[in-house]
Amino acid sequence: MRLDKFLKVSRLIKRRTVANEACDAGRVTVNGKPAKASTKVKKGDVIEIQFGTKAVKAEVLDIQDTTKKEEAKELFRYI
């Protein structure tokens, strides 16, 4: 699954366009490497997102094309 879509589906970032912009600005890394929006994400990958001065690190646990708001938290875990 594409990184921008995973960020939206997992609700780490609310909108896909915002996820695209964050990737283009170099604020998202996958396994320690800067990632483009088209980067493929798989189980076990570690995603780090810079939100201003705050950084969020999460491990991918599952991948789904769509999910309900309540179930979105099960797609990743914070590190």
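What counts, and where the lines are drawn
Residues numbered from 1 in each chain as written. Predicted model: local features only at pLDDT ≥ 70, side-chain atom pairs only at ≥ 80, totals over all residues. Heavy atoms only, no water. Helix = DSSP H or I, 4+ residues; strand = E, 2+ residues; numbered from the N terminus. Buried < 20%, exposed > 50% of the residue type's maximum accessible area, 1.4 Å probe, protein only.

Undergrad: Mind showing me how you'd approach unusual backbone geometry here?
TA: Of all residues except glycine, most have a negative phi; of all peptide bonds, most are trans. Phi at Arg 11 takes a positive value of approximately 65°, unusual for a residue other than glycine. Positionally, Arg 11 belongs in the loop between α1 (3–9) and α2 (16–24). Overall, the relative accessible area of 37% leaves Arg 11 in the partly exposed class. The backbone of Asn 31 shows a phi angle near 55°, a positive value even though the residue is not glycine. Looking at the element boundaries, Asn 31 is found in the loop between β1 (28–30) and β2 (33–34). With a relative accessible area of 42%, Asn 31 lands in the partly exposed category.

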